[in-house]
Every structure is written in C-alpha cells, then in structure tokens.
Amino acid sequence: MSAPSGNYRWRIVLLLFFATTINYIDRQVLSFTMIDETFRREMMGKAADEALTESDLDQFKVLYSYVDTVFKVAYALGFLLIGWLIDRVGTKRGFSISIILWSIAGILNAFIGSLRGLNIVRFMLGVGEAGNFPSAIKSVAEWFPKKERSFATGLFNAGTNVGIIATAVLIPWLTIQFGWRFSFVATGLLGFLVLIAWLRIYHRPEEHPRVTKAELAYIQQDYEEDLPEEKLSWWRLLGFRQTWAFIVGKFMCDPIWWFYLSWLPDFFNSSESLDQRLDLKNVGLPFLVIYIVSDGGSVLFGWLSSKFIHMGWSANRARKTTMLICAICVVPIFFAAQTSSIYVAIALISLATAAHQGWSANIYTFASDLFPKNAVASVTGIGGMFGAMGGILLAAVAGNIRVSLGYLPLFIIASSTYLIALVIIHFLSPTLEPVTKKELESIGV
C-alpha cells in the first residue's frame with residue numbers, strides 16, 4: 001500500500017524520541033559527575049580539603065566499575081521483568097510504571113553520600129530504565145508496518161544520542177554552578193514531564209481518535225497469521241532460533257555501547273596517549289560532536305534498511321546488509337587508543353558510535369519482524385537482559401583492564417565484536433523468517 005494521508009504514527013515516534021532522550025539523560029548524569037573532584041572525594045569518604053592521590057583515583061575507578069556493574073545487573077533483570085509486564089498490562093501502563101520508577105531513582109542519586117548508597121539507587125534506576133526499549137519497540141510494532149519499522153526505530157533511537165549530548169552540555173555546567181547533587185534532581189524531574197505527555201497522548205492506533213481509517217489500514221497492512229492470543233512464556237520463546245539470533249546481537253554488541261557511555265569521559269580525561277586531556281570545563285564539545293554523528297548513524301542506517309525493503313529486497317537481505325556496513329565501520333576504532341591526536345580519536349569514536357546506533361536500529365526490528373505483537377515486548381526484554389548481562393561482564397573487568405593495560409584492549413574488543421556477532425546471527429537465522437503458527441504449535445502453544 002502507498003502511504004496514506006494520515007501521519008499520526010510519526011507523532012508517536014516523536015513521543016518515543018523524547019522519552020528515550022530523558023531516559024538517557026537520567027542514566028548518563030553519573031558518567032559526567034564521576035569526573036568531578038568534589039563528587040570523587042565525597043564518594044571516597046574524604047574531607048573537603050583533602051586531595052585525592054593517584055592511588056585513590058585508581059581505586060575510585062575500580063569501585064566505579066562495580067557501581068556500573070550493579071546498574072547493569074538491575075537493567076538486565078528489569079528488561080526481563082518489565083518486558084513481561086508490558087505484554088501483560090499493555091504498553092501504556094507498563095511504560096508509565098517504568099518512567100515513575102526511574103525518575104524517582106534519578107532524584108534519589110542526589111541524596112547519596114557513599115559508593116555503597118550509590119549502588120542501591122543505581123539498582124533501582126536500572127530496573128526502571130529497562131522499560132524504555134521494550135515499550136518503544138512494542139509501540140513501533142503496534143503503529144508501523146514492517147517496511148517502516150527500522151526507520152521509525154532509528155528515529156526514536158536517536159533520542160539516546162540527543163540525551164547524551166544534552167547531558168554532556170548541561171551536566172558539566174550544572175555541576176560547576178550548583179554542585180553535582182543539583183544535577184541529579186534537575187534531570188530526575190524531567191521524567192515526570194514525559195509521564196504526563198505519555199499518559200495524555202498514547203493509545204493503541206485502533207483506539208486513537210486522531211487516526212484515520214486510511215492510516216489504520218496502512219498500519220495494519222502486514223498480514224499476520226491467525227496466531228494464538230495466549231501469551232508466550234520466556235521458556236517457550238527461548239525455544240526459537242529467531243530469539244537466539246536477537247539475543248546474540250544484543251549480548252555481544254550492547255556491552256560496547258555501555259562501555260562508550262561509562263568510560264569515554266574518563267578516556268578523554270585521563271588517556272595517556274592523547275596530546276590533550278579534557279575536564280568538566282571542556283569535555284562537552286567532543287561529546288556534542290560524537291553523539292550528533294551517532295544521531296545521524298541511527299537515522300541513516302534505519303532509513304537505509306527501510307529503503308532496501310522499498311526497493312524490493314527481502315527483510316533478511318536489507319537488515320543484514322545494513323548491519324554488515326555498520327560492523328565494518330566499527331573496525332577502525334582500535335586506533336583511537338593509539339593515536340596522539342584528540343581529533344582523530346573523536347572522529348574514529350564518532351564513526352563507531354554512529355555504526356552502533358545503526359546496528360541497534362536494525363537489530364531491534366528483529367523482535368517485531370519475527371514475532372507476533374503479543375510477544376514483542378517479552379522478546380525485546382529477553383534480548384535486552386542478555387545485552388545487559390554482556391554489559392555486566394565487560395563492566396566487571398573494564399576498570400581493572402583500564403588501570404592495568406590502558407584502553408587499547410577494550411577498543412580492540414569493540415572493533416571486532418560486531419562482525420563476529422553478524423556471522424553467528426546468520427548461522428542461527430539464515431533467512432530471518434517470522435515465527436509461524438506451525439512452529440508455535442510444535443512447542444505446545
């Protein structure tokens with residue numbers, strides 16, 4: 001079908017974009033406050049006039065990696081639990097619960113005075129924030145035909161980069177002017193603004209008064225077999241190769257994105273190889289460049305996959321070709337840990353983060369391409385849980401690798417992971433065929 005006159009579905013993408021932006025602002029505040037001297041002293045239990053030694057700083061970075069690990073453990077559990085919840089209570093209610101939880105947790109960060117306390121609120125934040133992507137992916141499945149889903153996903157996924165850009169620009173300034181505690185309160189309150197907009201705007205397309213009959217027909221044009229209404233359990237979903245193809249893409253590549261989010265501020269602040277180091281006063285500009293480029297990658301590669309499908313390519317060929325291009329673009333990043341030029345490092349990291357976002361825009365469509373709509377949030381939650389588990393493993397060792405060997409081993413891991421993941425995905429699902437009624441019946445559904 002050609003595109004109808006109605007276009008309300010794109011307003012839903014805009015809403016998801018803003019929700020994702022705030023989600024990433026709240027999670028990223030810590031990555032920038034952790035290079036604030038006052039924050040470091042307070043978390044290490046030092047007096048205000050007591051200077052931190054090099055040994056103290058090394059210990060702080062190792063302990064910070066453990067805090068990062070706790071967040072990812074919670075994020076993994078949250079993905080699984082909230083993905084399940086969204087498929088049971090619906091997208092609107094499930095996402096509302098998620099937003100409330102992460103916003104309260106974000107504000108509570110401001111009232112913490114030790115790394116032990118930080119572990120508790122970061123766990124709560126991780127559980128709440130995990131609801132964003134299962135909600136958004138299920139929303140896209142409800143509001144878009146398959147041929148538009150990767151582009152729609154790329155658009156809302158661009159909110160991750162806008163969130164990081166906003167954090168990089170605002171948090172250093174807020175921290176310098178008002179202190180690190182104010183930064184957490186100000187950003188945590190933003191979530192409640194998103195909650196109000198979500199509750200007022202979001203409905204399923206068949207229930208929405210602003211959706212025309214022509215647009216609704218366009219949205220629902222993809223024929224879906226008469227699949228059972230019974231909700232699919234986690235164990236049953238794990239019986240499909242399609243689920244494991246999605247899991248591999250998340251488990252292997254999500255940790256690389258987490259590494260960028262958690263450690264790039266420190267890389268620019270303390271890397272021994274770079275000809276200049278950045279602090280809170282000047283760290284914002286490089287992140288502005290990196291994540292503007294990343295935004296472009298999310299939209300470009302999401303659009304490219306959809307363009308290939310419009311040209312008559314199969315979803316299998318379109319998704320995998322785009323993901324191959326993304327994987328190749330990440331390979332040069334290992335040189336960022338060797339160059340002395342901060343400009344070369346920024347360029348290489350920008351290319352890699354843009355490619356990752358393009359990869360994500362396409363891997364997320366696997367859930368809606370391959371499974372019935374009543375399982376999309378659960379599949380997204382399972383994949384997200386495994387992605388966070390991969391992040392946990394990398395976070396648990398990243399601090400020690402950083403202190404002992406520097407950043408080169410971590411960038412080498414990043415440069416090779418995507419190509420390996422794509423090979424495994426192709427082996428598990430050579431044609432990316434959707435789950436059929438016959439397959440569901442074979443596992444007793």
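Residues numbered from 1 in each chain as written. Predicted model: local features only at pLDDT ≥ 70, side-chain atom pairs only at ≥ 80, totals over all residues. Heavy atoms only, no water.

Q: Explain the packing of helix H1 (residues 8-33) against helix H8 (residues 180-201) here, please?
A: The axes of two packed helices give the description: the angle between them and the distance between them. Where H1 contacts H8, the two axes come as close as 10 Å, and the packing angle between them is 165°. Here H8 runs roughly antiparallel to H1, going by the angle between their axes. Once H1 is placed against H8, the crossing between them reads as left-handed. Between H1 and H8, the residues in contact are Tyr8, Ile12, Leu15, Leu16, Phe18, Ala19, Ile22, Ile25, Asp26, Val29, Leu30 and Thr33 and Trp180, Ser183, Phe184, Thr187, Gly188, Leu190, Gly191, Val194, Ala197, Trp198 and Ile201, respectively. Classifying every residue of the contact of H1 with H8 gives 17 nonpolar, five polar and one charged. (Axes fitted to C-alpha atoms, helices over the stretch in contact; angles between N-to-C directions. Helix = DSSP H or I, 4+ residues; strand = E, 2+ residues; numbered from the N terminus. Parallel < 35°, antiparallel > 145°, perpendicular 65-115°, else oblique. Left-handed = near helix turned anticlockwise from the far one by under 90°. Contact = heavy atoms within 4.5 Å. Nonpolar A, V, L, I, M, F, W, Y, C, P; charged D, E, K, R; others polar.)

Q: How should I be thinking about the UniProt feature "transmembrane region" (unreviewed entry) in the protein chain in this particular structure?
A: Under the UniProt annotation, "transmembrane region" (unreviewed entry) lies at residues 63-86, 95-114, 153-174, 180-201, 283-304, 324-355, 375-398 and 405-428. Along residues 63-86 the backbone is 100% helical and 0% strand, and the end-to-end C-alpha distance reaches 34 Å. Span residues 405-428 is 92% helix and 0% strand, its end C-alpha atoms 35 Å apart. (UniProt positions renumbered as here; feature names shortened; annotations may be inferred.)

Q: How do you make sense of the domain arrangement of the protein chain when you look at a structure like this?
A: Assigned domains of the protein chain: these are domain 1 (8-220) and domain 2 (236-444). The interface is formed by 56 residues belonging to domain 1 together with 60 residues belonging to domain 2. The contact between domain 1 and domain 2 buries some 4,900 Å² in all, and 67% of this surface belongs to carbon and sulfur atoms. Taken together, the connections running from domain 1 to domain 2 amount to zero salt bridges. (Domains from an automatic or database assignment. Buried area = accessible area lost by both parts, 1.4 Å probe. Salt bridge = Lys/Arg side-chain N within 4 Å of Asp/Glu carboxyl O.)

Q: I tried to follow a nonpolar patch on the surface on my own but got confused; where do I start?
A: A cluster of nonpolar side chains, contributed by Val73, Leu77, Leu81 and Phe123, occupies part of the molecular surface with about 310 Å² of accessible area. Element by element, the count of residues in the nonpolar patch is highest for helix H3 (residues 54-89), at three residues. Using a relative accessible area of 41% as the deciding quantity, one classes Leu77 as partly exposed. (Patch = residues over 30% accessible without salt bridge, like charges linked within 9 Å, V, L, I, M, F, W, Y side chains within 5 Å. Areas by Shrake-Rupley, 256 points an atom, 1.4 Å probe, with all protein chains shown as cover. Buried < 20%, exposed > 50% of the residue type's maximum accessible area, 1.4 Å probe, protein only.)

Q: Where do I start with the nonpolar core in this structure?
A: One recurring pattern in soluble globular proteins: nonpolar side chains tend to sit buried together. Leu118, Tyr260, Tyr291, Ile333, Ile349 and Trp359 are the most contacted members of the largest nonpolar core, which has 128 residues in total. The element that contributes the greatest number of residues to this core is helix H11 (residues 241-270), accounting for 15 residues. Residue contributions to this core reach at least three from each of two domains, namely domain 1 (8-220) and domain 2 (236-444). In this structure Trp359 touches Gly249, Cys253, Met323, Cys326, Ala327, Tyr418, Ala421, Leu422 and Ile425, once residues within four positions along its chain are discounted. Counting five residues, the second-largest nonpolar core is a separate cluster that includes Ala74, Ile82, Val127 and Ala377. (Core = buried A, V, L, I, M, F, W, Y, C linked by side-chain atoms within 4.5 Å.)

Q: Hey, could you run me through the packing of aromatic side chains in this one?
A: Aromatic ring pairs are described here by two measures, namely the spacing of the ring centres and the angle between the planes. Counted by the stated rule, this structure contains 32 aromatic pairs. Here the aromatic rings of Phe39 and Phe60 are separated by 6.4 Å at their centres, their planes lie at 85°, and the arrangement is edge-to-face. Taken together, the residues Phe39 in helix H2 (residues 37-43) and Phe60 in helix H3 connect sequence positions 21 residues apart. Side by side, Phe39 and Phe60 carry an identical accessibility label, which is buried. Summarising the aromatic geometry, the rings of Phe71 and Trp258 are spaced 5.6 Å apart at their centres and angled 65° between planes, so their arrangement reads as edge-to-face. In this pair, Phe71 sits in helix H3 while Trp258 sits in helix H11, placing the two residues 187 residues apart along the sequence. (Phe/Tyr/Trp six-rings, centres within 6.5 Å; stacked < 30°, edge-to-face > 60°.)

Q: What is the right way to read the packing of H1 against helix H6 (residues 132-143) from this model?
A: Here H1 crosses H6 at 175°, and the two axes come no closer than 11 Å. When the axes of H1 and H6 are compared, the pair comes out roughly antiparallel. In this structure, H1 contributes Tyr8, Arg9, Ile12, Leu16, Ala19, Thr20, Asn23 and Tyr24 to the contact, and H6 contributes Asn132, Phe133, Ala136, Ser139, Val140 and Trp143. Residue classes in the contact of H1 with H6 are distributed as nine nonpolar, four polar and one charged.

Q: Where do I start with the side chain of Ser103 in this structure?
A: When you line up the elements, Ser103 lands in helix H4 (residues 91-108). The exposure class assigned to Ser103 is buried, which follows from its relative accessible area of 0%. For Ser103, the side chain forms a polar contact with the main-chain oxygen of Ile99, separated by 2.8 Å. (Polar contact = N/O pair within 3.5 Å; in protein donor to acceptor, adjacent residues only side chain to side chain.)

Q: Sorry, what's going on with unusual backbone geometry here?
A: Generally, phi is negative for residues other than glycine and the peptide bonds are trans, each holding for most cases. In this model, Leu432 sits at a positive phi of 50°, which is unusual for a non-glycine residue. By the secondary structure assignment, Leu432 is in the loop between helix H17 (408-428) and helix H18 (437-442). According to the relative accessible area criterion, Leu432 is buried, its value standing at 9%.

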